[in-house]
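# Survey of secondary and tertiary structure
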Amino acid sequence: MAFSSNHYSVFLCFFHILGFIFSSFKPVLAQNSPVFACDITSNPGLANLTFCDASLTVENRVNDLVQRLTLAEKIGFLVSGAGAGAVSRLGIPKYEWWSEALHGVSNTGPGVRFTSPVPGATSFPQVILTAASFNVTLFETIGKVVSTEARAMYNVGLAGLTYWSPNINIFRDPRWGRGQETPGEDPTLTSKYGVAYVRGLQQRDDSSKDKLKVAACCKHYTAYDVDNWKGVERYNFNVVVTQQDLNDTFQPPFKSCVLEGNVASVMCSYNQVNGKPTCGDPDLLAGIIRGEWKLNGYIVTDCDSLEVIYNKQHYTKTPEESAALGLNSGVDLNCGSWLSQYTQGAVNQKLVNESVIDRAISNNFAMLMRLGFFDGNPRNQIYGNLGPKDVCTPENQELAREAARQGIVLLQNTAGSLPLIPTAIKSLAVIGPNANVTVTMIGNYAGTPCKYTTPLQGLTASVATVYKPGCADVSCSTAQIDDAKQIASTADAVVLVMGSDQSIERESLDRINITLPGQQSVLVAEVAKVSKGPVILVIMSGGGMDVQFAIDNPKITSILWVGYPGEAGGAALADVIFGYYNPSGRLPITWYPQSYADVVPMTIMNMRPDPATNYPGRTYRFYTGPTVFPFGHGLSYSQFKHHLDQAPEFVSIPLEERHTCRSTKCKSIDAVEQSCSNLGFNIHLRVKNVGKISGSHTVFLFTSPPSVHNAPKKHLLGFEKVHLTPKGEGVVKFNVDVCKHLSVHDELGNRKVALGPHVLHIGDLKHSLTVRI
């Protein structure tokens, strides 16, 4: 048969289509297979290799593997991404270490992809809002769901097993763009969050204690909280911090993460601490993380940190020196390719010994073995049955909604304003640049959500709404006031959804101003003037906002903060506004006035105030200035009464007869095992819901220690969340360890038990307690 030109065109077109189909199909085929080593089914010869024998100890298997490798092969296992190791002769494929799971499986790192058969994963609220729930059980439950979805995606080749989350840096300054990723400003809350989320990610559902579901990573170690402020960048910022501030503010979350959470990894940060890059400081890495805290895992650099040490900080004279510095200081894995490029040269120049490289890759291999990576096909292991059906389940999506509900903070509520009664609202005006957003709700380090429910969609599900954005975007350079006023003037109630997004605050972008951006405040004030019913101001943001203008405006009846509330944020907001859910969130950060940002440089790291320079200090623990809303603030639709049932008035610390403090007056004593063992007491607080609706209530336990060693004026010891029906009562119990909870750090960073009167703040009650010898 002869081909005409038309036939030829059709023929070519057909093959182009076939080519497209097969080019599209190949990755899908690849995605159906997880990456793993020791595939004995395909290569029976691997069964003879000791490191592939899952019945042996991790140590034996690692030792066997390391001694089989050449130096060049070893160097390949020091890095993630480009240059990462693979040894086909030993059945070891390339593994991508960098995956993220800050508040859901995320494709921020190259280890995760969203495509068929898993186009999205459950996107929980940004961490700052989840932390506002003050619910440790919730923290861990979210971690469990995230790790299940991660394992399900791993089984179809779309995700890894090592997740560089959570971020447990202290949210020290309201302008920090990455504060949204953290649990807030308090070391106790941040520690509890970190431990619980890590456990949720890592703990398996069998009796195995050393094996992991997925591997978590606590970051960024340490004193890291300036990204890009007025030209000061994280890459070359030298953090000048006292040992006292380091030990009592910045280090506790990392210490808890390692010692209590048994985290698989710690990531060192970009910045320098007191003149030394954190990824090149042997005291911080080998000394503290590996030495004092006994990390059972690996230490990884933030991405390209070793390159930063050389090119940005000019701390080393050659690239090889930078590579050697990291390895000799305790780095095991380099996010980036620096160690794959310069380690061989460092060895040749005798800057680093091969034994140091062996240590590093041993820690990395041990982690992969604990994850089952060297145990053959994961489909034959404990989580082998997980797959696309286990991602974005209705239960997981409902948990995302519940997490947002628990975190939302009711900041202000004029009597009778909220909740709105749906049957009484014939028309609801919904206004604001964040009223109908999607991506804004999930913040940064997010993946592709299962679906979105915007605030407008959530509110419209209950009542008839009219909507105007009022601003083109959150920068709101020109507010569309007339359109907004027109719909507000005729509505029964108004909801204004304002705030910020990643164009205002994010990684590599710190804020200068902490007011509502652009003309947002003008829009709010003008709408409030013409509104005839309740006006509800909703702030969607990571950091706090100076909204004093709204607090002072009697027409603005309610203020809510919703953080970045995740994929179901709009539904959760509607649940709170219409009273389907009684709000119980509390602020995990202090909300400062703009005057604070005007006079306090971000770069001053000191936590404690300095009256000589009018420096006001930082966070509720030390700050001496005015606030817009204080740490821990949050209202409910119910009222709760507290009654103290049990608490001691005195605690005596036993000392040896020859102890110097028996003969001289001491303000404090060392918190050491001899005097601290089994020294504790219980506090019992009765809580009653005296309101008309059920609700959850967070009970805080703070202490105000004696004024010694520049101690915090107030410090959170613990918190418990209780759910009570109307007129219902519950008992909250706190166990106080005297040396752990009633101690402070002295000027040299040593832990001391302060002697004298302590004031315990239990709920809204105060109780005096004297610590004596």
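The paragraphs below set out a description of the structure included in this document.

Cut-offs applied
- Residues numbered from 1 in each chain as written.
- Predicted model: local features only at pLDDT ≥ 70, side-chain atom pairs only at ≥ 80, totals over all residues.
- Heavy atoms only, no water.
- Helix = DSSP H or I, 4+ residues; strand = E, 2+ residues; numbered from the N terminus.
- Rg over C-alpha atoms; globule rule 2.2 N^0.38 Å.
- Buried < 20%, exposed > 50% of the residue type's maximum accessible area, 1.4 Å probe, protein only.
- Contact = heavy atoms within 4.5 Å.
- 1 Å grid on protein atoms, 1.4 Å probe; cavity = no way out; pocket = protein on both sides within 12 Å on 5 of 7 lines; lining within 4 Å.
- Points joined across faces, edges and corners; volume = space filled by probe spheres on them.
- Nonpolar A, V, L, I, M, F, W, Y, C, P; charged D, E, K, R; others polar.
- Lys, Arg positive; Asp, Glu negative; His and termini not counted.
- Salt bridge = Lys/Arg side-chain N within 4 Å of Asp/Glu carboxyl O.
- Disulfide = S-S within 2.5 Å.
- Pairing = 2+ DSSP bridges.
- Axes fitted to C-alpha atoms, helices over the stretch in contact; angles between N-to-C directions.

## Some remarks on the overall build of the protein
Tallying secondary structure elements over the protein gives 23 helices and 25 strands in all. The C-alpha atoms of the protein give a radius of gyration of 28 Å, which matches the 28 Å a tight globule of 773 residues would have. Summarising its shape, the C-alpha atoms of the protein cover approximately 95 × 80 × 50 Å along the three principal directions. Within the protein, buried positions represent 60% of all 773 residues. Long-range contacts, defined here as pairs at least 24 residues apart, represent 77% of the contacts in the protein between residues at least 6 apart.

## Brief notes about empty space enclosed by the protein
By rolling a water-sized probe across the atoms, one finds the places where empty space is left. Across all of its chains, the model carries 2 cavities of 30 Å³ or more by this definition. When its volume is computed, the largest cavity comes out at roughly 90 Å³. The greatest single-element share of the lining of the largest cavity, amounting to 3 residues, is contributed by helix α13 (residues 354-370). Looking at side-chain class alone, the lining of the largest cavity contains 11 nonpolar, 3 polar and no charged residues. There is about 30 Å³ of room inside the second largest cavity. For the second largest cavity, the full set of lining residues is F171, D173, P174, E185, G543, G544, I589, T590 and Y592.

## Quick word on the layout of surface pockets
Put simply, the second largest pocket is a space of about 440 Å³. Along its surface, the second largest pocket is lined by 24 residues, and R586, G632, G634, H697 and T698 are the ones closest to its centre. Elements with a contribution of two residues or more to the lining of the second largest pocket: β15 (640-646) and β19 (695-704). With 6 residues, β19 is the largest single contributor of residues to the lining of the second largest pocket.

## Some words on the side chain of E149
Relative to the assigned elements, E149 resides in helix α5 (residues 136-154). Despite being buried, E149 has no salt bridge partner; K213 is the closest side chain of opposite charge, sitting 10 Å away.

## Points about the state of the cysteines
A complete count under the given rule lists 8 disulfides for this structure. With a sulfur-sulfur separation of 1.9 Å, C303 is cross-linked through a disulfide to C335. Across the S-S bond of C303 and C335 the torsion is about 75°, and the bridge reads as right-handed. Residue C303 is found in the loop between β8 (298-301) and α10 (305-311), and its partner C335 is found in the loop between α11 (319-329) and α12 (338-348); the two are separated by 32 residues along the sequence. Bridging C661 to C666, the disulfide has an S-S length of 2.0 Å. Here the S-S torsion is close to -95°, and the disulfide linking C661 with C666 is therefore left-handed. With no disulfide of its own, C217 lies closest to C218 among cysteine sulfurs, the gap being 6.9 Å.

## Quick word on the sheet that holds strand β24 (residues 756-762)
What the 5 strands build is an open sheet, ordered β16-β25-β24-β19-β20; its pairing is mixed. Each edge of the open sheet carries a strand with a single partner, namely β16 (650-652) and β20 (715-724). For this sheet, the mean angle separating the axes of adjacent strands, direction not counted, is 20°. With 4 bridges connecting them, β19 and β24 associate as antiparallel partners. Within β24, the residue paired with F702 across the bridge is H761.

## A word on the environment of P110
Topologically, P110 is positioned in the loop between α3 (71-76) and α4 (127-131). With a relative accessible area of 48%, P110 lands in the partly exposed category. Note: C-alpha distance between P110 and D225 (115 residues apart in sequence) is 24 Å. Dropping the residues within four chain positions of it, P110 is found in contact with E96 and W98.

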